[in-house]
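Architecture and fold: a report
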Amino acid sequence: MIKGIFFSVTASFGFGGVYYLSTVLRPIEGSQLFGVRTLVTLPFVLFAIVLLHKQQEFIDFLKRIKKQPHLLAVIILGGLNMGSQMWLFLYAPVSGKAIEVSIGYLLLPLIMVLFGRLFFKERLTTIKAVAVLFALIGVVSKIILTGAFSWETAFVCLGYPIYFALRKYFNMLHISAFALEMLSMVPASLYFASQIDFSFAEIQNPTIYWGLFLLGLVGGTAFIFYIMSSQLLPINLLGLLGYLEPFMMLIVSFIIGERLDETSYILMICLFISISLLILDGVIKNKMKVLA
């Protein structure tokens, strides 16, 4: 249990580190960074399959695809969605949108709860219902005060639930499906990475190669640690620890100089209340399981 918690917390710090590293890799940014990150993360994903002894699962999934070729479309769609999210994760900190994306990740658990209720008839406890209500109040307040809602925030908090809902519907909630999604992103990643003028980048940023090395090492290690924690921890506890990542992203947003505007105050207060309620709900469930 302790080892699983350590892996999960370390993974969250690692993903926060990747969020920050994207700001020190200029003049490489945006789509180019996405291409590099995908290519350096893929070996870690494939290594995770070996490390976790999932080779047979991977082979069985390939056989399943052969029998059900429509799953290829699901994999490609999932790859496009995941690739877009990875691009946004690197684009936001260097484009003054780090807080908007952080808010999207804070909203994500609540939207996932709502998706589970609407599309998979999952039970919604009273505490979760109140948490979703507070989140809704926060979102409505943001729309009323600004007349709009950040597309970056919406893309994260809606894109991921659609992605996971599709994977759940087609019974693809495993690392083998994720590995094939990553492989489907390789052509686009190679194209974007090839746009980098490394000679110019090195002149502008003499430590650029060390930065790219750290991007791959930190991001890949964080991924491995997260996968390993998912094998060691109960799903409820894993979910509770997962809230650390968006808070790390928010801290990074403040470190790089972004600040909350006044129109986001109510939204952030509501989100903190909502997440606190979700954590409380998870703690109560864990205690009930222990007592049972």
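Everything numeric here is computed off the predicted structure, so don't read it as measured data.

Glancing now at unusual backbone geometry. For the bond from arginine 26 to proline 27, the omega torsion is 10°, close enough to zero to count as cis. Mapped onto the secondary structure, proline 27 falls in the loop between α1 (2-21) and α2 (31-51). Phi at asparagine 171 is positive, roughly 55°, even though this residue is not glycine. Residue position: asparagine 171 is located in the loop between α7 (151-169) and α8 (175-184). On the accessibility criterion, asparagine 171 (54% relative accessible area) is exposed.

Taking the numbering used here, the UniProt-annotated feature "domain: EamA" (unreviewed entry) corresponds to residues 3-140 and 145-279. This span, residues 3-140, is 81% helix and 0% strand, and a straight line between its end C-alpha atoms measures 40 Å.

What follows is about the nonpolar core. The tendency in soluble globular proteins is for nonpolar side chains to be buried side by side. Tyr19, Val101 and Tyr105 are the most contacted members of the largest nonpolar core, which has 57 residues in total. With sequence-adjacent residues up to four places away left out, valine 101 is seen in contact with Tyr19, Leu88, Ala92, Glu152, Val156 and Met249. Grouped together as the second largest cluster of nonpolar side chains are 22 residues, Leu110, Cys157, Leu250 and Leu278 included.

So, about the packing of helix α4 (residues 71-91) against α8. How two helices sit against one another is set out by the angle between their axes and by the gap between those axes. At a closest axis distance of 8 Å, the pairing of α4 and α8 adopts a crossing angle of 75°. One way to sum up the angle between α4 and α8 is to call them roughly perpendicular. On α8, the residues that touch Ile75, Ile76, Gly78, Gly79, Met82 and Met86 of α4 are Phe178, Leu180, Glu181, Met182 and Ser184.

Cut-off values and rules
Residues numbered from 1 in each chain as written. Predicted model: local features only at pLDDT ≥ 70, side-chain atom pairs only at ≥ 80, totals over all residues. Heavy atoms only, no water. Helix = DSSP H or I, 4+ residues; strand = E, 2+ residues; numbered from the N terminus. Buried < 20%, exposed > 50% of the residue type's maximum accessible area, 1.4 Å probe, protein only. UniProt positions renumbered as here; feature names shortened; annotations may be inferred. Core = buried A, V, L, I, M, F, W, Y, C linked by side-chain atoms within 4.5 Å. Contact = heavy atoms within 4.5 Å. Axes fitted to C-alpha atoms, helices over the stretch in contact; angles between N-to-C directions. Parallel < 35°, antiparallel > 145°, perpendicular 65-115°, else oblique.

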